[in-house]
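# Observations on chain architecture
Here's the letter readout for the chains.
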Amino acid sequence: MTRKKLLILLGSVCLALMMVAMACAGPAPTTPAPTTPAPTTPAPSPTAEVYKWRFQSAAVAAMTEWQFGPLRDSLHEMSNGRIELELYATDVLVPDVELPDSLSEGVLDMAQSYACRHADILDVGNIAFGLAFTWASGDDCEVVGQLLGLDDLLAEAYAELGVKFINQELETEYYILSTKPIKTIEDLAKIKMRATASNAPWLADLGVAAMYIPAAELYTSLSRGIVDGVLYGGAVDYSDMGLFEIAKYVVKPSVLYPTKGEYIMCLDLWNSLPGDIQAIVTAACKVNSRWIYNEFQRREWICLADAVKNQGVTVTWLSAEDQAKVMNAAKVVWEEEAAKSPRAARGMEIVKDWLRTTGRL
């Protein structure tokens, strides 16, 4: 093969190879423009648990709804429907005196009660409720309880019974209503009185025969003469319970203002709750407490004025001399309560320190 033919052959082969390469090759790769990743949708969470709780108050039916209906509604709203509270009045599900046991055993889930009604098992029960003439406003109760530590002592005592103390619950004035006129201590000594265990001792020192009667039985007890007077609350209580219909004599000054209960729950149930539900329950109870207190203050003036104007009720004030005798009798009870236990002594000292700070002792 000549040189010329060899060169032509090589050129043809090269040309053929170039054409095959061009035919097989794809388009040149391109660098894609940067893109933002599409957002991912999280998997739906399981259906949130709904808590259905039985709540028994220490109030009669006429008062349970207006006092604790707002609590029920707040818990439902704040939890986005996760908390449903069923309200029951005093003694409906269980006797009021059995509330701590019923909570610890899970018979009830939540309640409002008064520590003084369980003073046989709560060494600071009477002090926490309020002994005669120990405070005169809701501010006193919140300072002594929440800032100075009395609530902590009550919470400790309740926990020993398997009960969670959530928050204090402020209410109303606390004075005597009688079917007989009372102008002096001598008049007071002539009547039979319904009172709690925290007030019976100082009343006894003044010569008054006192006994405990459940709230639901007060109307019947007064109308039948089982007792002549009650120390239960203020004008709102006496009006809502119909007691002004049969008892026409109010005796002042108030023994205590305000009365103070507490919101409590089964401790095991409380410990099982997630943190957000615990926070919601605590916040709702605090708001409800102040709302009840303010509503009692507003209605106290209205109800008492109406009772005087339209129902023939008379308001009598004990003389300064008689008030001093009552105060001295009450102070004896303070010391008796303090002697119950070291915890009770600490609680009573907290109260007395505040009275000294405010110039009342």
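In this text the structure is predicted, and so the values were computed from the model without any measurement.

What follows deals with the nonpolar core. Counting residues in hydrophobic clusters, the biggest one holds 60 residues, and the most contacted among them are L154, Y158, M193, W202 and V351. If we skip the residues at most four places from it in the chain, Y158 touches P100, A115, H118, L122, V163, F165, E262 and I264. Counting 49 residues, the second-largest nonpolar core is a separate cluster that includes F68, Y238, C266 and I280.

Turning our attention to the side chain of S178. Locating S178 in the fold gives a position in strand β5 (residues 174–178). One polar contact links the side chain of S178 to the main-chain carbonyl oxygen of D228, over a distance of 3.3 Å. If we skip the residues at most four places from it in the chain, S178 touches I191, D228, G229, A247, K248 and Y249.

Taken together, the side chains of V308, V315 and W317 make up a nonpolar region of the molecular surface, amounting to roughly 270 Å² of accessible area. Examined against the element boundaries, W317 turns out to sit in strand β11 (residues 314–317). Relative accessible area serves as the criterion here: at 52%, W317 is assigned to the exposed category.

To continue, consider the pairing of strand β3 (residues 110–113). With burial as the criterion, each face of β3 is covered, one bearing M110 and Q112 and the other bearing A111 and S113. Examined bridge by bridge, strand β1 (residues 51–56) and β3 share 2 bridges and lie parallel to one another. Its bridge partner being in β3, F55 is matched across the sheet by M110. Taken together, the 4 bridges between β3 and strand β10 (residues 260–266) define a ladder with antiparallel strand orientation. Bridged to A111 within β10 is I264.

Glancing now at the sheet that holds strand β8 (residues 229–233). A sheet is described by the order of its strands in space; here 6 strands give the open sequence β7-β6-β8-β5-β9-β11, paired in mixed fashion. Where the open sheet ends on each side, the last strands, each with one partner, are β7 (209–211) and β11. The mean angle between the axes of side-by-side strands here comes to 30 degrees, regardless of whether they run parallel or antiparallel. Pairing of β5 with strand β9 (residues 249–256) involves 4 bridges; the strand directions are antiparallel.

The next point concerns the packing of aromatic side chains. The full count for this structure, using the stated rule, is 11 aromatic pairs. Ring geometry for F68 against Y263: centres 6.4 Å apart, planes inclined by 85 degrees, an arrangement best described as edge-to-face. You can see F68 sitting in helix α2 (residues 61–78) and its partner Y263 sitting in strand β10, a full 195 residues away along the chain. The pair F68 / Y263 is uniform in exposure class, with both members buried. Three or more aromatic residues joined by ring pairs form one cluster here, namely F55, F68 and Y263. Across from the ring centre of W66, 5.0 Å away, lies the NZ or CZ of R299, which sits over that ring.

This part takes up helix α5 (residues 138–147). Counting buried positions over the 10 residues of α5 gives 7, a clear majority of the element. Regarding α5, the residues found buried are G138, D140, C141, E142, V143, V144 and G145. Against α6 (150–159), β4 (163–170), β10, α12 (275–310) and α14 (342–357) lie the buried residues of α5. For α5, the side-chain oxygen to backbone nitrogen distance between the N-cap and D139 is 3.3 Å, and the N-cap itself is S137. Positive backbone phi, approximately 110 degrees, marks G149, located one or two places after α5.

About the criteria used
Residues numbered from 1 in each chain as written. Predicted model: local features only at pLDDT ≥ 70, side-chain atom pairs only at ≥ 80, totals over all residues. Heavy atoms only, no water. Core = buried A, V, L, I, M, F, W, Y, C linked by side-chain atoms within 4.5 Å. Buried < 20%, exposed > 50% of the residue type's maximum accessible area, 1.4 Å probe, protein only. Contact = heavy atoms within 4.5 Å. Helix = DSSP H or I, 4+ residues; strand = E, 2+ residues; numbered from the N terminus. Polar contact = N/O pair within 3.5 Å; in protein donor to acceptor, adjacent residues only side chain to side chain. Patch = residues over 30% accessible without salt bridge, like charges linked within 9 Å, V, L, I, M, F, W, Y side chains within 5 Å. Areas by Shrake-Rupley, 256 points an atom, 1.4 Å probe, with all protein chains shown as cover. Salt bridge = Lys/Arg side-chain N within 4 Å of Asp/Glu carboxyl O. Pairing = 2+ DSSP bridges. Axes fitted to C-alpha atoms, helices over the stretch in contact; angles between N-to-C directions. Phe/Tyr/Trp six-rings, centres within 6.5 Å; stacked < 30°, edge-to-face > 60°. Lys NZ or Arg CZ within 6 Å of the ring centre and 35° of its normal.

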